[in-house]
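The lines below spell out each chain.
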Amino acid sequence: MKSIKVLICATALVFSFSANAEGVEELCHQSAETNVTLKHAMKEDAGFLQYALDDAAKSKISASNKEQLRERYFYVHNRLNLSDTDLRRLSLVACLIKYK
């Protein structure tokens with residue numbers, strides 16, 4: 001009976017950790033896709049970065065969120081010469097390292 005309880009607890013833990021991993025992977029995938037979209041916007045319009053930075057500074061979000069936005073904009077801006085695939089992969093790995 002004791003081994004059955006241990007097995008049930010272990011199974012529940014495995015499923016809860018796998019659900020969390022799927023959530024982080026999905027979050028990081030969406031983040032990588034957003035970075036590729038930002039790259040295209042920055043390449044199409046040279047003034048996009050300044051507009052986005054000004055808009056973020058004027059918004060009514062917390063200071064930590066403003067800092068994260070600035071970091072993301074400059075992260076993508078510094079990697080404009082990468083291909084979409086390379087930027088996507090690099091962003092995905094960076095996000096996974098951040099959240100794991």
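It should be noted that the structure appears before, not after, this text.
Peer 1: Break down the packing of aromatic side chains for me, with residues and values.
Peer 2: A complete count under the given rule lists zero aromatic pairs for this structure. Its end group placed over the ring of tyrosine 75, arginine 79 keeps NZ or CZ at 3.9 Å from the ring centre.

Peer 1: How would you sum up the environment of glutamate 26? Please name residues and give values.
Peer 2: Within the secondary structure layout, glutamate 26 lies in helix H1 (residues 2-44). Spatially, the C-alpha atom of glutamate 26 lies 9.9 Å from that of leucine 92, the residues being 66 residues apart in sequence.

Peer 1: Tell me about the nonpolar core, and please be specific about residues and values.
Peer 2: The biggest cluster of nonpolar side chains holds nine residues, and these are Leu38, Met42, Leu49, Ala52, Leu53, Ala56, Tyr73, Val76 and Leu80. If you list the elements that add at least two residues to this core, you get H1, helix H2 (48-58) and helix H3 (63-77). With four residues, the single largest contributor to this core is H2. Ignoring anything within four residues of it in the chain, the contact list for leucine 53 reads Arg70, Tyr73 and Phe74.

The rules behind the values
- Residues numbered from 1 in each chain as written.
- Predicted model: local features only at pLDDT ≥ 70, side-chain atom pairs only at ≥ 80, totals over all residues.
- Heavy atoms only, no water.
- Phe/Tyr/Trp six-rings, centres within 6.5 Å; stacked < 30°, edge-to-face > 60°.
- Lys NZ or Arg CZ within 6 Å of the ring centre and 35° of its normal.
- Helix = DSSP H or I, 4+ residues; strand = E, 2+ residues; numbered from the N terminus.
- Core = buried A, V, L, I, M, F, W, Y, C linked by side-chain atoms within 4.5 Å.
- Buried < 20%, exposed > 50% of the residue type's maximum accessible area, 1.4 Å probe, protein only.
- Contact = heavy atoms within 4.5 Å.

By themselves, these figures tell us nothing about what the structure is for.
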